[in-house]
Amino acid sequence: MTTTSDTHRPWPLLRRFALPALCGAVFAAIMAWFQPRGPVTSAETIALLAGGLAVGLLTGATARSRWAILLAPMAFLIVFELLRLDSALPTVGPLNASSAFGVLAFVLGRIVVWPLACLSIIAGTLWGIGGPGRRVGVIVLTVLLALIAASLLLPASPPPLKDADGRPIEGQVAELIPVELNGHEQWIEVRGAREDLPIVLYLSGGPGQSDLAYSRALFEPLTDDFLVVGWDQRGTGKSYPALDAEGLTLEGSVADTIELARWLTEHYGRQKVYLLGESWGSLLGVLAVRQQPELFHAFIGSGQMVAPLETDEGIYRDLITTAMGSGHGELVARLATMGPPPYRSVFDYATIMSHYPLLEGGYIPPAEYLRRGQQSNLGPYGVFGQEYSPIEKVSVLRGLLDVFSQLYPQLQDVDLRRDAAALEVPVLVLAGEHELAARTEPAREWYELLAAPDKQWVDLADAGHSVAFEHADELHRLLLEFEEQ
């Protein structure tokens, strides 16, 4: 019971108001030090929940005030965000409200840490305060947190390969494997009817895109005759915990590619692998082949990138011309405000990409591609794929923004016409009929001057940028031709 004289003493006020805020702030400082991006693994998320419950329990038992239920989580949020203001990562730094993509990045960076930290602190505080009137609510909240923790422990696993009758194929390979590449743990998915098949290593686009689920579903035809390896590159999807903003470089990405190719040859007992690159992956693949050609049977480029800055400048000019011709005055004004590339932020690039359909022209992809996509039910960017745990589903989207923001500016000086005019392996380039002209023209110029043991340019109708996905059956046929040579 509080006496009249107690109200004039500083300790009761400090205990009720300052102590909860201090506990929340200290917990925030600890989390900002150890988890500056928030929890990015299941283990880190469970640690957040446990820490929040412990801090809340201490706060409630000490403060014995309902104000603690509000003050502790509020202090956590404020201090946690203040300590992350200088982050260069779009999903960690401050809100950029000028773009819908900026708002999305802000939400993605907080959709896990904010609710789970607050709920766990509140639950612990309620337990610490005690009292029969709160018993039902605190039990419900605690059960909810326990269910969340239990869901995080469920392992991600890819579906098995099945034959025409829907039965699992005996002797198949369908596994997710963590591989340490140059000191960073990264994840691959390997799928094939048998372990002794030739290996195709697929490099996804972006930089920053996770294609584990997409490559599993859309490269289904290849698995009868090849071991198809999807890879979440450093900082993407399942490999998001390996993101090191300062250490993420083009040279490091090339080194990781070479190291993974070498690991695959040693692990599966092969001399070489086929290297298939999509978009950014095609640029990365060429640079890896140039450095270590002895690791590769051949290089296959899909949506081939050659000179990113020149392509971006061409897309900018084409978008302005198209927008002016079709009366899209608002888009013309937005482009004028942004100015020509290189753009100031990842959000400007996202805005440009959202208008690519204006330049592609309408087309209907092959029926088999549409069927595989519809049956897989992977959702946007493949986040519903079985390859990803609940936390990793968020990381698929975070990685796309964060990795792109750090790595793409480093590509502005790359031009394969200058940097890779000769390769020591056969080269196959797949070109979609509806690919953007600003990509196709530099790619064609590079192909024409390229010196290689053998090279082939294949134009494919009813396809755009992701031509290897859209024409996986044709890709399968072309790969089998390589095997017959």
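Predicted, not measured: the structure shown is a model, and the values here were computed from it.

Each value, and the rule that gives it
Residues numbered from 1 in each chain as written. Predicted model: local features only at pLDDT ≥ 70, side-chain atom pairs only at ≥ 80, totals over all residues. Heavy atoms only, no water. Helix = DSSP H or I, 4+ residues; strand = E, 2+ residues; numbered from the N terminus. Buried < 20%, exposed > 50% of the residue type's maximum accessible area, 1.4 Å probe, protein only. Contact = heavy atoms within 4.5 Å. Areas by Shrake-Rupley, 256 points an atom, 1.4 Å probe, with all protein chains shown as cover. Salt bridge = Lys/Arg side-chain N within 4 Å of Asp/Glu carboxyl O. Pairing = 2+ DSSP bridges. Axes fitted to C-alpha atoms, helices over the stretch in contact; angles between N-to-C directions. Disulfide = S-S within 2.5 Å. Core = buried A, V, L, I, M, F, W, Y, C linked by side-chain atoms within 4.5 Å. Phe/Tyr/Trp six-rings, centres within 6.5 Å; stacked < 30°, edge-to-face > 60°. Lys NZ or Arg CZ within 6 Å of the ring centre and 35° of its normal. Right-handed = clockwise from strand over helix to strand, strands pointing away.

Describe the overall build of the protein, naming the residues involved and giving the relevant values.
The helix and strand tally for the protein stands at 19 helices and eight strands. The C-alpha extent of the protein, read off along each of the three principal axes, is 95 × 60 × 40 Å. Residues counted as buried form 53% of the 485 residues belonging to the protein. Long-range contacts, defined as pairs at least 24 residues apart, comprise 76% of the intrachain contacts of the protein with a sequence gap of at least 6. Surface exposure of the protein reaches about 21200 Å², of which carbon and sulfur atoms provide 59%.

Mind laying out the pattern of salt bridges, listing which residues take part and the relevant values?
Within the structure shown, the criterion is met by 23 salt bridges. For Glu 392, the salt bridge goes to Lys 238, with nearest N and O atoms at 2.8 Å. Residue Glu 392 is found in helix 15 (residues 390-407), and its partner Lys 238 is found in the loop between strand 4 (227-232) and helix 8 (250-268); the two are separated by 154 residues along the sequence. The exposure classification of Glu 392 matches that of Lys 238, with both residues buried. Taking the shortest distance from any N to any O, the salt bridge between Glu 259 and Arg 262 comes out at 3.5 Å. Of this pair, Glu 259 and Arg 262 both sit in helix 8, three residues apart, which is roughly one turn of that helix.

Just give me the short version of the sheet that holds strand 6 (residues 296-302), but keep the residues and values in it.
In space, the eight strands of this open sheet follow the order 1-2-4-3-5-6-7-8, with mixed pairing throughout. Because the sheet does not close on itself, it has two edges, and the strands there are strand 1 (173-181) and strand 8 (455-460). Sheet twist, expressed as the average angle between the axes of neighbouring strands with direction ignored, equals 20 degrees. Both strand 1 and strand 2 (residues 184-192) contribute to a ladder of nine bridges, which runs antiparallel. Following the sheet pairing, Leu 176 is matched in strand 2 by Glu 189. Against the sheet, helix 17 (residues 437-449) engages strand 7 (427-432) and strand 8, with an angle of about 155 degrees to strand 8.

Describe in detail the state of the cysteines, supporting the description with residues and values.
Tallied over the entire structure, the rule returns zero disulfides. No disulfide involves Cys 118; its nearest neighbouring cysteine sulfur is the one of Cys 23, lying 15 Å away. For Cys 118, a relative accessible area of 14% translates into the label buried.

Break down the nonpolar core for me, with residues and values.
One recurring pattern in soluble globular proteins: nonpolar side chains tend to sit buried together. The biggest cluster of nonpolar side chains holds 102 residues, and the ones touching the most others in it are Phe 76, Ile 188, Leu 201, Leu 264, Leu 416 and Trp 446. Not counting chain neighbours up to four residues away, the residues in contact with Trp 446 comprise Val 286, Gln 304, Val 306, Leu 416, Arg 417, Ala 420, Leu 423, Val 427 and Val 429. Ranked by size, the runner-up nonpolar core spans 24 residues in total, among them Val 200, Leu 276, Leu 428 and Ala 468.

Lay out the environment of Ala 72 in plain terms, naming residues and giving numbers.
Along the polypeptide, Ala 72 turns up in helix 3 (residues 67-82). Counting along the chain gives 204 residues from Ala 72 to Leu 276, while the straight-line C-alpha distance between them is 51 Å. Among residues more than four places away in sequence, those in contact with Ala 72 are Pro 20, Gly 24, Thr 59 and Ile 121.

With reference to specific residues and values, describe the packing of aromatic side chains.
Within the structure shown, the criterion is met by 15 aromatic pairs. Here Phe 404 and Tyr 408 contribute two aromatic rings whose centre-to-centre distance is 4.5 Å and whose plane-to-plane angle is 10 degrees, an arrangement assigned as stacked. Each residue in the set Tyr 316, Tyr 343, Tyr 349, Phe 404 and Tyr 408 is aromatic and connected to the rest through ring pairs, giving one cluster. A cation over a ring is seen here: Arg 37 above Tyr 240, with NZ or CZ 4.8 Å from the ring centre. Directly above the aromatic system of Tyr 447 lies the positively charged group of Lys 455, at a separation of 4.8 Å from the ring centroid.

Can you tell me about the pairing of strand 3 (residues 199-203), naming the residues and giving the values?
Side-chain direction in a regular strand flips from residue to residue, so the side chains alternate between the two faces of the sheet. Counting buried residues in strand 3 gives five out of five residues, a clear majority hidden from the surface. Side chains of strand 3 alternate between two faces, with Ile 199, Leu 201 and Leu 203 and Val 200 and Tyr 202 buried alike. Bridge count between strand 3 and strand 4: four bridges; the pairing is parallel. Bridge assignment links Tyr 202 to a residue of strand 4, and that residue is Gly 230. At this point the chain moves from strand 3, through helix 7 (residues 212-218), to the parallel strand 4, and the crossover so formed is right-handed. Examined bridge by bridge, strand 3 and strand 5 (residues 273-278) share four bridges and lie parallel to one another. Looking at the pairing, Val 200 lines up with Tyr 274 of strand 5.

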